[in-house]
Amino acid sequence: MNSPASQSATILRMKVDTQSPLVKWGIFFLLTALYILAVYLFEKQLGAEIHIMVFLPIVAAGWLFGGVWGLIAGACAILLSSFLSAFIQGIPWSAAVLQGNFLVYFFMILTGGISGNLRDGVQKRIQTENTLRSRERYLSLLNDITHAIIASQDFNSLMQNLVRELASLLEADDCTIT
């Protein structure tokens, strides 16, 4: 049974996604630009190994936007990587795609999906922890109220303790019993 106090406390305190969409897109495009720049500058010296950096924007897309966007980023990274190789080596784009390692292409897509699923799992865990903390607080305050009622000797002190505990339970500034 969910009480109104525990539901409102969960909603007010739950802030899972703290980054704005512009910051997320900025991080993603910055990592993509870094990859493009690194490939342009170093592919002739390092060869195809420089393309391992394509996993940075893929992981970022999966983590920041979720599993579906991670998969999309992996598929787009295959095209971007092939296009950059074709552009730098001066070969046709279709030849660069077919020249690529299809196992690496598979891992590009898989990496995007896995990083998105990890993000979703972390968000679920944070939400569950916040819910449990809220319920624990609610039950602890109810326990305090019960102890105050049982332990009180006179009616006036009972009512003062009850008012104070109810105000704390409902997260109110003040409480009045009439």
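These lines cover the structure that appears in this document, whether it is placed above or below. (Residues numbered from 1 in each chain as written. Predicted model: local features only at pLDDT ≥ 70, side-chain atom pairs only at ≥ 80, totals over all residues. Heavy atoms only, no water.)

### Structural notes on the environment of Tyr35
Note the cut-off: The helix count covers DSSP runs of H or I at least four residues long, the strand count covers runs of E at least two residues long, and both are numbered beginning at the N terminus. Only protein chains enter the accessibility calculation, which uses a 1.4 Å probe; a residue whose area is less than 20% of its type maximum is buried, one above 50% is exposed, and one in between is partly exposed. Any two residues whose heavy atoms approach within 4.5 Å at even a single point are treated as in contact.
Topologically, Tyr35 is positioned in helix α2 (residues 21-46). What makes Tyr35 buried here is its relative accessible area of 0%. Sequence-wise, Tyr35 and Leu56 are 21 residues apart; in three dimensions their C-alpha atoms are separated by 7.9 Å. Setting aside residues no more than four positions away along its own chain, Tyr35 makes contact with Ile50, His51, Met53, Val54, Leu80, Ser81 and Leu84.

### With respect to the packing of helix α6 (residues 102-151) against helix α7 (residues 155-169)
Quick note on the threshold: Geometry is summarised by axes, namely lines fitted to C-alpha atoms with helices restricted to the contacting stretch, and by angles between N-to-C directions that run from 0 to 180 degrees. We call two directions roughly parallel when the angle between them is under 35 degrees, roughly antiparallel when it is over 145, roughly perpendicular when it lies between 65 and 115, and oblique otherwise.
Following both chains from N to C, one finds α6 and α7 inclined at 175°, their axes separated by 9 Å at the closest point. Regarding the angle of α6 to α7, the classification is roughly antiparallel. Where α6 approaches α7, its residues Arg137, Tyr138, Leu141, Leu142, Asp144, Ile145, Ala148 and Ile149 are matched on the opposing element by Leu158, Asn161, Leu162, Glu165, Leu166, Ser168 and Leu169.

### Concerning the packing of aromatic side chains
Quick reminder of the rule: In summary, the pairing rule links any two rings of Phe, Tyr or Trp, Trp by its six-membered ring, whose centres are within 6.5 Å, and it sorts them by plane angle into stacked for under 30 degrees, edge-to-face for over 60 and tilted for everything else.
By the definition in use, this model includes 8 aromatic pairs. Taking 5.5 Å as the distance between ring centres and 90° as the angle between the ring planes, the aromatic pair formed by Phe102 and Tyr105 counts as edge-to-face. Of this pair, Phe102 and Tyr105 both sit in helix α6, 3 residues apart, which is roughly one turn of the helix.

### Examining helix α4 (residues 67-89)
So the rule is basically this: Expected span of a helix, by definition, is 1.5 Å for each gap between consecutive residues, and there is one gap fewer than residues.
Compared with an ideal rise of 1.5 Å per residue, which puts 23 residues at 33 Å, α4 spans 33 Å between its outermost C-alpha atoms and is within 8% of the ideal. If you check which residues of α4 are buried, you get Gly67, Gly70, Ala73, Gly74, Ala77, Ile78, Ser81, Ser82, Leu84, Ser85, Ala86 and Ile88. Once α4 finishes, Gly90 follows within two positions and takes phi at roughly 75°, a positive value.

### Considering the layout of surface pockets
Where we set the bar: Using a 1 Å grid laid over the protein atoms alone, points where a 1.4 Å probe fits but cannot get out form a cavity; open sets with protein on both sides within 12 Å along at least 5 of 7 lines form a pocket; any residue with an atom within 4 Å of a point counts as lining. Grid points are joined across faces, edges and corners, and a volume is the space filled by probe spheres set on the points. Classification used: nonpolar for Ala, Val, Leu, Ile, Met, Phe, Trp, Tyr, Cys and Pro, charged for Asp, Glu, Lys and Arg, polar for all others including Gly.
Estimated volume of the largest pocket: approximately 340 Å³. Taken together, 16 residues make up the lining of the largest pocket; nearest its centre are Ala48, His51, Ser81, Gly100 and Asn101. If you list the elements that add at least two residues to the lining of the largest pocket, you get α4, α5 (93-99) and α6. The element that contributes the greatest number of residues to the lining of the largest pocket is α4, accounting for 4 residues. Along the lines of polarity and charge, the residues of the lining of the largest pocket split into 7 nonpolar, 8 polar and 1 charged.

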